[in-house]
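Observations on the three-dimensional arrangement
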Amino acid sequence: MKIDKNSILKIAKLIFKDKNINIKSNIDNVSNWDSINHVNFILEIEKKFKVKITFEQSITISSITDLINLLKKIK
């Protein structure tokens, strides 16, 4: 499946319960981006894009852009 930024943003808005999330959103400017929601976000992304993100990869993600760049690498 092609990496679709809109799908990523839709999942992020749902998981983090923040309709203002955009491509520049990160762990510092999204109030609900905590450890539990981070895991839930990764799990939903894995399901949607049919990829496996390792623990080591998941801890490098601190922004929507980080996630998009990682997906580009592993797809």
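The paragraphs below set out a description of the structure included in this document. Starting from 1, residues in each chain are numbered consecutively following that chain's sequence as written. Where totals are concerned, whole chains, interfaces and linings use all residues; where local detail is concerned, this predicted model gives features only for residues with pLDDT of at least 70, and gives and counts side-chain atom pairs only at 80 or more. In computing side-chain values, all of the structure's heavy atoms are included and hydrogens and water are not.

1. Examining the overall build of the protein chain
The numbering of helices and of strands both runs from the N terminus, where a helix is a DSSP run of H or I of at least 4 residues and a strand a run of E of at least 2. The helix and strand tally for the protein chain stands at 4 helices and 0 strands. Secondary structure elements in the protein chain, listed N-terminal to C-terminal, are α-α-α-α. Each radius of gyration is computed over the set of C-alpha atoms, and the globule rule expresses the reference value as 2.2 Å times the number of residues to the power 0.38. For the protein chain, whose C-alpha radius of gyration is 11 Å, the value lies close to the compact-globule estimate of 11 Å for 75 residues. Dimensions of the protein chain, computed from the C-alpha atoms along their principal axes, are close to 30 × 25 × 20 Å. Classification of the 75 residues of the protein chain by burial places 41% in the buried group. By the convention used here, residues are in contact when the closest approach between their heavy atoms is within 4.5 Å. If you take every contact in the protein chain between residues at least 6 apart in sequence, the share linking residues at least 24 apart comes to 53%. The cut-offs for exposure are 20% and 50% of the maximum accessible area for each residue type, with area from a 1.4 Å probe on protein chains only; residues under the lower value are buried, those over the upper are exposed, and the others partly exposed.

2. Focus: the layout of surface pockets
Approximately 170 Å³ is the volume found for the largest pocket. Looking at the lining of the largest pocket, the elements that each hand over two or more residues are helix H2 (35-49) and helix H3 (55-58). Broken down by element, the residue count for the lining of the largest pocket peaks at 6 residues, all from H2. Note on residue categories: nonpolar means Ala, Val, Leu, Ile, Met, Phe, Trp, Tyr, Cys or Pro, charged means Asp, Glu, Lys or Arg, and polar means any other residue, Gly included. Looking at the lining of the largest pocket, its residues break down into 6 nonpolar, 4 polar and 2 charged. Definitions used for this entry: grid spacing 1 Å over protein atoms alone; cavity, a set of points where a 1.4 Å probe fits but cannot get out; pocket, an open set with protein on both sides within 12 Å along at least 5 of 7 lines; lining residue, one with an atom within 4 Å of a point. Grid points are joined across faces, edges and corners, and a volume is the space filled by probe spheres set on the points.

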